[in-house]
Structure formats: C-alpha cells, structure tokens
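Architecture and fold: a report
Given next are the chains, with one letter for each unit.
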Amino acid sequence: MLLDPAAGYLLDLGGALLFAAAAAHKLRDLPAFTEAFVAFRVLPDAWARRAARLVPCVELATALALALTPASASAATRRAAALAASGLLLAYASAIALNLVRGRRELDCGCGGRRDRRPIASWMVWRNVMIAAALGAAALPWTARPLGPADVLTVAGGLTVAALLYAAVDRLCGEIAPRALAMRGMP
Amino acid sequence: MTALAVSNLTLWLVVIALSVALLAVVRQLGVLHERIAPVGALMLANGLKVGESAPQIAVQDLDGRALSVGAARADERATLLMFVSPTCPVCKALLPVLKSSLTAERHWLDIVLASDGEVADQREFVRAQRLGEFAYIVSAPLGIAYQVSRLPFAALIDSQGVLRARGIVNSREHLESLFEAKRLGFASIQDYFEAAAKKRAA
C-alpha cells in the first residue's frame, strides 16, 4: 500500500509537534518528571533515575527526525523515524496499561508539570495506540508526486486542526469527564 | 480548478474555526464544572455533632511547631480548621478568601490549614500560594478524626474546644456563613430558621 506524500508530511510533522511539546514539558521540570517516571516502576529505581533524563532527549531526537527526514533523507531513514516514534508511543501505552492493571489508578502520568498532576487513565492508552497507528502508517512507502500549493494548505490546515482537536480531547477526557463522573457520585 | 481550490480553502478555514470553537466550549465546560462542582450541603448529617467536644489531636505544623487541635484554649480564641489539598482546584480558588478572613477575623480566630499527602508537595504548595502566614498541618489522622469526606472542608472550634460548625466550604459565602453561625450562636442556618420558627410560634 502506498501513502500520498501530503498525508505523509501531515503525519510526520504532527508527530514531530507532539514529541517536541512532550519533551519541552518534561525538560521544564525534569525533577518532577524523574519522580513520576520512577513511580511508574517499569525499571529498577536506580536505572529509572538515569533513564528519566534520556526520555526527553529521545523525544527531542524523534521530533527532529520526524520533522527533517521527509524532505531530504532516504526513505529508509524516514521509515525508521516514524517507526521509532510509533514504538515510543506504544511503550508509553504499555507502561500506563501495566500500571492500570496493577491497580495504581492514582499514579501521576508525568505528562504535565508538578502543578498539573493528572492520574493515569485508560483513555491515555487508547490515545497513544491510535497516534502510534497513525505514525505507523506514515512509515509506509510514499508515492512520488510533485507537491503544490494545495498540499501546503492540506498540511498546514491539517496540523492546526489536529493540534486544536488534541487539546480539546485532552481537556475533555483528562479534566471534564473525571469531574462529571465524580459529580454523579455526589449525594 | 480554481473553484475547487477556493472551496477547499474555505472548508479548511471553517474546520479550523469549528475546532477553535470546540476547544472554547470544552474550556467553558471546565469553568462551569469548577463553579458548580462539589456544592454540597454545608452540614453533613453523619458523624461528629456540632455543639459537642471536638476530637483532640496533637500534631506538628510544617515548621515543626506542636499544636493541639481541638483542645480548650486559655487565650479565648477560636480555631478554624480548613482542610485543603494542592490537587484541589476549588481549594485554590478559596485561598484568597482565607487570607482575607485571616486578617478580618484576626481578633477572635486562628485559621489552621490541614492537608494530607507528600510533605514535599505541600511545601511547594505553601511556597507557590504564599501560605506562610497560616499554620499548615500535614496529617492523615486529623482528616480521619474530623471525618473529612470532600475538600475544601472546614471545622470551626471555639475556645472551649467545642465544635461549632463543620462542613464543605466552596465559596466566600459558605465560609462567612460559618462565621455568622458562630456570631449568632446557631450551629447552622437550618438551626437558625428552626429557632426563628419556634420563636414565632411561641
């Protein structure tokens, strides 16, 4: 199956935006993220402390690779970047799923800063799996066709809408749905 | 072709506008939830009774000072025990009210903040919200003794160590109704209306 390059650009750049934002969040308050990462208990504590610093670096590298490879480098590098991004998201999804299975529903997801503590939830697993699938699709071979102004419109418009919808869904599932649920339990 | 391009551009603009509108609606929904969130009854029916002795608990505040919550006090001052948490948005909205009450009710009332959880988080909360002027207690037994079910929760204890009012406090009005209850000598607004009804009947 072949992917149209405009769709490919949209997926790659969207992924780059997502990873850059994620890395920026973590780098802004690295100590808080380190605590959250250790609390996930997917690695022994001493390892996790060291690995926590690597996570934002890996995210930043992935963001750069996703943003830069589609235009210049070979198809193989482009596919590697998309697959790495997809793998990273699946790893997060499994870490969250593992802790949900362990019953640790109060665990901080580590996606915001110290102020914005948010417990892990199953919708985060689904979100990550869905974005991972989209980035996996970007790893498919692209058709070769010259890009025109209409494609710029597609990519720019698509990115804007994707970012806005991501923010809206994030708020809806992360803040509003849990509160509505809590209110239903009120006397 | 031009018509298609124009139509496509228009569609993109509309989709972006719709997404912006959706995000705005979601944010408004969040604000709405925050406003109406835990509007509970001020008085809770179960557990501790207003007018009886408050549970006495010896605790230490974040600065290491020893406090005996619920004990009778020689200096004739009442204590407002305010249960808050760094993770509770309504509590944050209430903090300015507490600060102004601390000054306004200074002549008869001490306000003590109480919370539960990681001490490091609490210190960060105290620092970020500038709560240095309050005594701040981190103690799980305290919350259990006062049967705190939801936050922000207040308990008003008079100088004899008698519980004068307790319940969920969401707004300035709720907090002031506690002070008003103390001032008038009624445990709650319900009590006030009952007493007024009796007086009329007599």
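Residues numbered from 1 in each chain as written. Chains lettered and ligands numbered in written order. Predicted model: local features only at pLDDT ≥ 70, side-chain atom pairs only at ≥ 80, totals over all residues.

1. Some details on the overall build of chain B
For chain B, the helix and strand inventory stands at six helices and seven strands. Reading the secondary structure of chain B in the N-to-C direction produces α-β-β-β-α-β-α-β-α-β-β-α-α. A burial count over chain B gives 25% of its 202 residues as buried. (Helix = DSSP H or I, 4+ residues; strand = E, 2+ residues; numbered from the N terminus. Buried ≥ 20, exposed ≤ 12 C-beta atoms within 10 Å, placed from the backbone.)

2. Section: the nonpolar core
One broad rule of soluble globular proteins: the nonpolar side chains tend to lie buried together. Residue and element names in this part refer to chain A. Within the largest apolar cluster, 36 residues are counted, with the highest numbers of intra-cluster contacts made by F19, F37, L66, A82, A85, L89 and L135. Elements with a contribution of two residues or more to this core: α1 (5–28), α2 (30–39), α3 (45–68), α4 (75–101) and α5 (122–138). For this core, the element with the most residues is α1, which contributes nine residues. The residues touching L66, leaving out its near neighbours within four places in the chain, are D12, G15, A16, F19, A81, A82 and A85. (Core = buried A, V, L, I, M, F, W, Y, C linked by C-beta atoms within 7 Å. Contact = placed C-beta atoms within 7 Å.)

3. What about α2 of chain A?
All names here are of chain A. Along α2, the residues that are buried comprise A32, F33, A36 and F37. An end-on view of α2 places all buried positions within 135° of arc, on one side of the element. Those residues of α2 that are buried are in contact with α1 and α3. Looking one or two residues past α2, R41 carries a phi angle of roughly 55°, positive in sign. (Arc of directions from axis to C-beta.)

4. Brief notes about the pairing of strand β6 (residues 153–157) of chain B
All names here are of chain B. Burial analysis of β6 places five of its five residues in the buried class, which makes it a mostly covered element. Of the strand pairs in this sheet, strand β3 (residues 78–83) and β6 are connected by five bridges, and their pairing is antiparallel. What sits directly across from F83, in β6, is F153. Here β6 pairs with strand β7 (residues 163–168) via five bridges, running antiparallel. Each bridged residue has a counterpart across the sheet, and for A154 the counterpart in β7 is G167. Hairpin connection between β6 and β7: a loop of five residues separates the two successive antiparallel strands, and G161 in this loop has a positive phi of roughly 80°. (Pairing = 2+ DSSP bridges.)

5. Here we look at the sheet that holds β3 of chain B
Residues and elements named next belong to chain B. Taken in spatial order, the five strands of this open sheet run β5-β4-β3-β6-β7, and their pairing is mixed. The sheet terminates laterally at β5 (135–138) and β7, the two strands that pair on one side only. For this sheet, the mean inter-axis angle between neighbouring strands, taken without regard to orientation, is 20°. (Axes fitted to C-alpha atoms, helices over the stretch in contact; angles between N-to-C directions.)

6. Quick notes on the environment of V59 of chain B
Residues and elements named next belong to chain B. Relative to the helices and strands, V59 resides in strand β1 (residues 57–60). Taking C-alpha positions, V59 is 7.4 Å from S139, a pair spaced 80 residues apart along the chain. Apart from residues no more than four positions distant in its own chain, V59 is found in contact with L67, V69, I137, S139 and L142.

7. Side note on the interface of chain A and chain B
In this assembly, 18 residues from chain A lie in contact with 20 residues from chain B. Among the residues forming the side of chain A that touches chain B, the class breakdown is eleven nonpolar, two polar and five charged. (Nonpolar A, V, L, I, M, F, W, Y, C, P; charged D, E, K, R; others polar.)

8. Structural notes on α4 of chain A
All names here are of chain A. Helix length check: α4 (27 residues) gives 38 Å between terminal C-alpha atoms against 39 Å at 1.5 Å per residue, within 8%. Tucked inside the fold, the buried residues of α4 contact α1, α3 and α5. Within two residues after α4, G103 carries a phi angle of roughly 85°, on the positive side. (Expected span 1.5 Å × (residues − 1).)

9. Observations regarding unusual backbone geometry
Backbone geometry places R41 of chain A, a non-glycine residue, at a positive phi of 55°. In this structure, R41 of chain A sits in the loop between α2 and α3.

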